[in-house]
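Below, each chain spelled out in residue letters.
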Amino acid sequence: MHGSIGWRMRLNGWRGPYVADVLSWHDRAKTHFKAYSLSQVTTPLSGPVVMDTALHLARSLEKMGTSIFSSGYISRNPNGDFRPHHYDMNLVYIDALFRHFKWTGDLIFAKEMWPVITRHFAWEKRNFDSDDDGLYDAYAAIWASDALQYSGGSVTHTSAYNYKANKEAAIIAKLIGEDATPFEKEAAKILKAINTILWMPEKGSYAEFKDLLGNKLLHPNAAVWTLYHTLDSDVPNPFQAYQSMKYIDENIPHIPVKAKGLEDGYYTISTSKWMPYDWSLNNVATAEVMHTALANWQAGRNEKGFNLFKSELLSTMYLGGSPGNIGQISFYDAARGEAYRDFADPVAMTARSLVEGLFGILPNALKAELIIKPGFPSAWNNASISLPDISIDFKRKGKEDFYTIIPAFAKKMQLKFLVKANGTKIQSVTVNGKNIVWKNVEDAIETPVIEINAGLQNKYVIKIIWLGDKSSAVGMKDKYIDGNKLDIQFPGSAIQNVSDPQNILQQLEKNNNRLTAIINAAKGSYLVFVQVKQNDFIWWEPLNLNIKEPVEITASFKQSKNDLQFNVINNTGSTIKGSLVVNADGNPFVKPLDLQPNTIYTQINIGANHIIPGTNRISFSWDGKTVQQEIVSWNVNQPVKNLQIVDINKSFNDKVTNIFKNQYLSPRPKIATLQLPVQGIGDWTHPLKTADINDKGLRKSAGEKNLITIPQGISFSTPSDTLQSNILFTSQWDNYPKEVIVPLTGKASHAYFLMAGSTNPMQSRIVNGAVIISYTDNTADTLLLKNPETWWPIEQDYMDDGFAFTIDAARPVRVHLKTGKIVSDYDNSIEAYNGKMIDGGAATILDLPLNKNKELKNLVLKTIANDVVIGLMGVTLLRTGSDLSK
């Protein structure tokens, strides 16, 4: 069942069926697979792509015989109940099936299921990789499927699924006398494509997807499912796997799990940082957390894996509203809370994390090999598990480890035992009292790992006596500056090799146990891997390098009235003498500063006359170097002089109220996919959703003078006549031009923009568009419109809870179109709309500092991302003296 309380329906996925094999219920697993094999469509062999016009083209028409619902598709109900349904549950069904074969080695059943498998591959390829580039679209194939629409793009998680499936199919093909070549070739093609196109070496992560159309953007801010699915599908090498988990450490929100009497250090995670909120895209979901815990174990990060696993057990089974329950959504979910308390998905992933992760039970009956790779925390001295297939008992006494393993699988398998070292040498290894040869696993990261091939036995009593204690690297700093010398020593070890996947080290030298290099990297977090040998072991030590600017300027996103509060931080070990300048192109504030080594200087005495509403540029200069930071504050009531409104009425091409009344029909993929509905808002699960944008309040506020003025004293021209257009729209949709140029003249130190448009979670954390102010010398200043920092959806305000939902920027001024109400931090009025829909919609006021000494040429408004509309409603310039009349 999909779930037993809230979701009483059948479904061949999502991950629920995994539970059967890991808990040794192989007969139940086989019943499941056979029942759904009867529900695989066999005719027609293919069908036409027919998008559902009644559902605004957001998904394929759910009709048998169309492209999706043709040969190979597996229906949601078992036993030959052929009905179309809006999920690609094929992928997880086939993945669970291949895992079943590894647990059982049942080649008779594999041969029986072979036609089902081959029809699946033909169906998946035909529908989701029609251009045969090895990268696949995703058609609601994972738990986070609702609102997940890739518009025919190249998607990492489904490509990973298909890689593993083809790899496993090739193995089985050879065992049952079928041709393995097509599957081997497809697997190789997929792996190459993922690593060439979707792996981002500079970030140490996989992209979420790459657009099919438009500028074919890479979407770099992946959700957790992208990372854990690649690991679960054997896509990354050990370095990529480790980097992928570090990406989650640093880029996915971590939410503390707290309770009275519970020590600190426990946390859960959300699935992404995407905004605005939509169901399944940014949630705290038990199965997602458990799958991420499993991925940490798969990356060899036992401590991280167990901590996340235990944290989630605490969250759902102990601190949740239903004691002992494994729920779907956590009460730490800011949007839903414990809305759904039952689900097969998290039950199965908790089981998999326990069995495959914590106890490391990984049978491969197809190779007659049983891999046991314990994932116990290093502090544990005992652990045990008993399943019908196997029992494991572990005990540690000082430097002596004892493992008793009793397999009871239907098929006999030889034991390969992989265990993290509890020392730097081995005194002895015995299996059933006999000395045995072990070998070092040279691609291990963090901690040495040994491999023991224990052969075929009915019972294994493994005893390992360790010697010595692993020492930590010496000389690591918590932060480095570009150009700093890296000088690390590994006491008692000898450096063998260095892997620098992000190419940040120059002049690298290794001398016995010492590594030196010059750091050449921009601000950010990086990983370097150093292979070391100590006594019996060789392994890779990861170095987490945190690169900072020599001087940093930091500030709160919420500022006090008529003040700027910020910190100037000297990250170097030397005294720095320089000059602090605030708003050099306005009424500048200048102050000399002597920054002491590794200290924070707090500057809070900026006079109100030096501050302007919007973006204030802070710079610090020393020894020919300059660091600059922009601090946005609308909490200013100082009068702004020398403002001049730019008449852009002739450039208007629509009314703001029409943004969701349009039909955005092209360009669209010519394939079956999930995509934005034609009205430009909503998603495939809510294809008829819209928002009534009503600008009567704005029109009324404009009055006879066709002007609106915000409390900060900035005015914009906007027509009050309801028959007139009042916005310039651009878009990658053919409805509007991709970019428009508006002429400008004179000089200005600042520009203010009244803007409105659309965005959605699939375009989150990337640049949606830009406003570019060009000068006559062909230089330019650019305002990048990035969701959520600087580009807000017209129909709602973003949520900011400080955890899963963070804007990471100051809240802008918003003009409510229906009422004319202006809300901002100026009077705290914007707080009331945190995460809420806005009746009638809202425009947003943004700004851009300019170079007051340069002659203006033009303004370019452009849309960069797909599926969004960027609109400009007004422009006002802060002129310099003689340019007031221009």
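The structure this text deals with has already been given above.
Rules behind the numbers
Residues numbered from 1 in each chain as written. Predicted model: local features only at pLDDT ≥ 70, side-chain atom pairs only at ≥ 80, totals over all residues. Heavy atoms only, no water. Axes fitted to C-alpha atoms, helices over the stretch in contact; angles between N-to-C directions. Helix = DSSP H or I, 4+ residues; strand = E, 2+ residues; numbered from the N terminus. Parallel < 35°, antiparallel > 145°, perpendicular 65-115°, else oblique. Left-handed = near helix turned anticlockwise from the far one by under 90°. Contact = heavy atoms within 4.5 Å. Nonpolar A, V, L, I, M, F, W, Y, C, P; charged D, E, K, R; others polar. Salt bridge = Lys/Arg side-chain N within 4 Å of Asp/Glu carboxyl O. Buried < 20%, exposed > 50% of the residue type's maximum accessible area, 1.4 Å probe, protein only. Pairing = 2+ DSSP bridges. Expected span 1.5 Å × (residues − 1).

A look at the packing of helix 10 (residues 302-318) against helix 11 (residues 344-358)
Here is step 1 of the chain: Look at helix 10 against helix 11: their axes get within 11 Å of each other, and the N-to-C directions meet at 150 degrees. In this view, helix 10 runs roughly antiparallel relative to helix 11, as classed from their interaxial angle. Handedness of the crossing formed by helix 10 with helix 11: left-handed. Contacts between helix 10 and helix 11 involve F306, F309 and L313 from the first element and T350, S353, L354 and L358 from the second.
Here is step 2 of the chain: Across the contact of helix 10 with helix 11, the residue classes break down as five nonpolar, two polar and no charged.

What to know about the pattern of salt bridges
Here is step 1 of the chain: Counted by the stated rule, this structure contains 44 salt bridges.
Here is step 2 of the chain: Where D345 meets R15, a salt bridge forms, and the shortest distance between an N and an O atom there is 2.6 Å. Taken as a pair, D345 in helix 11 and R15 in the segment before helix 1 (18-22) lie far apart in primary sequence, 330 residues in all. Side by side, D345 and R15 carry an identical accessibility label, which is buried.
Here is step 3 of the chain: Between E369 and K416 there is a salt bridge, with the nearest N and O atoms lying 3.6 Å from each other. Of this pair, E369 sits in strand 9 (residues 369-372) while K416 sits in strand 13 (residues 414-420), and the two are 47 residues apart along the sequence.
Here is step 4 of the chain: Assessed through its relative accessible area of 15%, E369 is described here as buried.
Here is step 5 of the chain: Classification of K416 by relative accessible area gives buried; the value is 19%.

Structural notes on the side chain of Q240
Here is step 1 of the chain: One can find Q240 in helix 8 (residues 238-251).
Here is step 2 of the chain: Residue class for Q240 comes out buried when judged on its relative accessible area of 8%.

What about the sheet that holds strand 1 (residues 154-155)?
Here is step 1 of the chain: Strand order in the open sheet made by the three strands is 1-4-5, with antiparallel pairing throughout. Of all strands in the sheet, those bounded by a partner on one side alone are strand 1 and strand 5 (218-219).
Here is step 2 of the chain: Where strand 4 (residues 209-210) meets strand 5, two bridges bridge the pair, whose relative direction is antiparallel. Of the residues in strand 5, the one forming a bridge with F209 is H219.

With respect to helix 10
Here is step 1 of the chain: Relative to the 24 Å expected for 17 residues at 1.5 Å per residue, helix 10 spans 23 Å between its end C-alpha atoms, a close match to the ideal helical length.
Here is step 2 of the chain: In terms of burial, helix 10 is largely enclosed, as 12 of its 17 residues are buried.
Here is step 3 of the chain: Those residues of helix 10 lying buried are N302, G305, F306, N307, L308, F309, S311, E312, L313, L314, S315 and T316.
Here is step 4 of the chain: Check the buried side of helix 10 and you find it contacts strand 7 (267-269), helix 9 (286-298), helix 11 and strand 13.

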